[in-house]
Amino acid sequence: MNTPNEAKSYALIALGTLLYGFSYNLFLLPALLAAGGISGISTLLFSVYGWTPALVQGLLNIPIFFLGYALLGKEFSIKTFVATFLLPFFIWLTSYVPLAVHDPMLSSIYGGILLGLALGLVFRGNGSTGGTTIIGQLIKKYTGFSSGFAQLLIDGVIVVFAMIVFDLERALYAMIAIFIGSKIIDLVQLRTSSSKLVLIVTEKEQQVTDLIRNELDRGFTKVWSEGGFSSERKALLFSVVEQSEAVYLKSLIQHSDTDSFVIFLNASDIVGRGFTLPKTYR
């Protein structure tokens, strides 16, 4: 076991569940936004019966975890177990914070951002908040649905109940929060950066590779391709560069008679050796 990495994972899970508590009690609950999951169910029950959200989430999360463990076994880890217990605790703890945003639009935006950040950190720690995520895995196992579709199905049912209990507008605001949260989760997990993936299709392979190697001091991958219209043999070059290098490379190619076809794409979460700090270009 790598102790430092394990400690970092548990720290991310703890921080993520704490931020989840703030997102719920500062934004989602005051605006009565049932943004899917067990938290959405607890919001509905709080509105209808006045039940304490932290208690509801604890009472629902814990048996669901043990049900999932019994039916899915090894797919559950101690980290999911820890997050399952930490989440209702932090929901209870942050309920005493004397701050709240009641405007549904502001709550859907900022609540969705904080919720996505919270879940992204938990996922980066290789954990899970349990709840409807576990139910989604059970649906996947016994129906053959994909994980994404199963989770969408569950959240969709919760949003429909929110529409019945509250109104259509509250349900739509909840959907905004869910959408924003999903995008922030991807952002946190993939760690989107300013790096660019460069794709170059060229007939003057040597001239372009010299530019990349000598001017940027970057590595690249080369494969041979065939033009779909011309049927001519061309080189397809892949390289990852920093933002300043991308601007510099674009200028070099534009001022060189290479007649190349170039695409710059955003790159994220680059893993591997050899990607060092860029030079400064003027």
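The structure displayed is predicted, hence computed values, not measured ones.

Chemist: Explain the overall build of the protein chain to me, please; I cannot follow it from the model alone.
Modeler: For the protein chain, the helix and strand inventory stands at 10 helices and four strands. Reading the protein chain from its N end, one meets helices and strands in the order α-α-α-α-α-α-α-α-β-α-β-β-α-β. Put simply, the protein chain has 282 residues, and 40% of those count as buried. Counted over contacts in the protein chain with a minimum sequence separation of 6, partners at least 24 positions apart contribute 75%.

Chemist: Help me understand the packing of aromatic side chains in this model?
Modeler: Between two aromatic rings, the relevant description is the distance of the centres plus the angle of the planes. Across all of its chains, the model carries seven aromatic pairs by this definition. For the pair Phe66 and Phe81, a centre-to-centre distance of 6.3 Å together with 70 degrees between the ring planes defines the contact as edge-to-face. In this pair, Phe66 sits in helix 3 (residues 53–72) while Phe81 sits in helix 4 (residues 78–94), placing the two residues 15 residues apart along the sequence. With a relative accessible area of 44%, Phe66 lands in the partly exposed category. What makes Phe81 partly exposed here is its relative accessible area of 27%. Taken together through their ring pairs, the aromatic side chains of Phe89, Phe90, Trp92 and Tyr96 make up a single cluster.

Chemist: What's the story with the confidence of the model for the protein chain in this structure? I'm lost.
Modeler: For the protein chain, per-residue confidence averages 81 on the pLDDT scale, and 87% of positions sit at 70 or higher. Contacts from residues 277–282, a stretch scored under 50 in pLDDT, to residues over four places away or in other chains number 15 contacts.

Chemist: Just to check I follow, could you spell out a nonpolar patch on the surface for this structure?
Modeler: A cluster of nonpolar side chains, Val48, Tyr49, Trp51, Val157, Val160, Phe161, Met163, Ile164, Val165, Leu168, Leu172 and Met175, forms an exposed patch at the surface whose accessible area comes to about 1,200 Å². Counting residues per element, the ones that place at least two in the nonpolar patch are helix 2 (37–49), helix 7 (147–165) and helix 8 (168–190). Top element by residues in the nonpolar patch is helix 7. It accounts for six residues. On the secondary structure map, Val165 appears in helix 7. Overall, Val165 belongs to the partly exposed group, its relative accessible area being 34%.

Chemist: Please clarify how the environment of Leu29 should be interpreted in this entry.
Modeler: Tracing the chain through its elements places Leu29 in the loop between helix 1 (3–28) and helix 2. Taking the C-alpha atoms as reference points, Leu29 and Ala100, 71 residues apart in sequence, are found 8.7 Å from one another. In this structure Leu29 touches Tyr24, Thr43, Phe46 and Pro53, once residues within four positions along its chain are discounted.

Chemist: What's the story with the UniProt feature "transmembrane region" (unreviewed entry) in the protein chain in this structure? I'm lost.
Modeler: Under the UniProt annotation, "transmembrane region" (unreviewed entry) lies at residues 12–34, 54–73, 80–99, 105–123 and 144–166. For residues 80–99, the end-to-end C-alpha separation is 29 Å, with 75% helix and 0% strand making up the annotated structure. Taken as a whole, residues 105–123 contains 100% helix and 0% strand, while its terminal C-alpha atoms sit 27 Å from one another.

Chemist: Teacher, can you tell me more about the nonpolar core here?
Modeler: As a rule of thumb, nonpolar side chains are buried together in soluble globular proteins. In this structure, Tyr20, Leu28 and Ile91 are the most contacted members of the largest nonpolar core, which totals 24 residues. Once residues lying within four places of it in the same chain are set aside, the contact partners of Leu28 are Ser23, Leu33, Ala35, Ser107, Gly111, Leu115 and Ala177.

Chemist: Quick question: what am I supposed to make of helix 2 here?
Modeler: An α-helical turn contains 3.6 residues, so a residue and the one three or four places further along point in the same direction. With 13 residues, helix 2 should reach 18 Å at 1.5 Å per residue; the first-to-last C-alpha distance of 18 Å fits that figure. Residues Gly37, Ile38, Ser39, Gly40, Ser42, Thr43 and Leu44 constitute the buried set of helix 2. Directly beyond the C-terminal end of helix 2, a positive phi value near 80 degrees is found at Gly50.

Chemist: What's the story with the pattern of salt bridges in this structure? I'm lost.
Modeler: Charged atoms that come close allow side chains of opposite charge to pair. Enumeration according to the criterion identifies two salt bridges in this entry. Of the charged contacts in the structure, one is a salt bridge between Lys222 and Glu205, with a shortest N-O distance of 2.8 Å. In this pair, Lys222 is assigned in strand 2 (residues 221–226) and Glu205 in helix 9 (residues 205–216), connecting sequence segments 17 residues apart. Judged by its relative accessible area of 39%, Lys222 is partly exposed. A salt bridge links Arg213 to Asp210, with the shortest nitrogen-to-oxygen separation between them at 3.6 Å. Of this pair, Arg213 and Asp210 are both found in helix 9, three residues apart, which corresponds to roughly one turn of the helix. A relative accessible area of 40% means that Arg213 is categorised as partly exposed.

Thresholds, definitions, all that
- Residues numbered from 1 in each chain as written.
- Predicted model: local features only at pLDDT ≥ 70, side-chain atom pairs only at ≥ 80, totals over all residues.
- Heavy atoms only, no water.
- Helix = DSSP H or I, 4+ residues; strand = E, 2+ residues; numbered from the N terminus.
- Buried < 20%, exposed > 50% of the residue type's maximum accessible area, 1.4 Å probe, protein only.
- Contact = heavy atoms within 4.5 Å.
- Phe/Tyr/Trp six-rings, centres within 6.5 Å; stacked < 30°, edge-to-face > 60°.
- pLDDT = per-residue confidence, 0-100.
- Patch = residues over 30% accessible without salt bridge, like charges linked within 9 Å, V, L, I, M, F, W, Y side chains within 5 Å.
- Areas by Shrake-Rupley, 256 points an atom, 1.4 Å probe, with all protein chains shown as cover.
- Salt bridge = Lys/Arg side-chain N within 4 Å of Asp/Glu carboxyl O.
- UniProt positions renumbered as here; feature names shortened; annotations may be inferred.
- Core = buried A, V, L, I, M, F, W, Y, C linked by side-chain atoms within 4.5 Å.
- Expected span 1.5 Å × (residues − 1).

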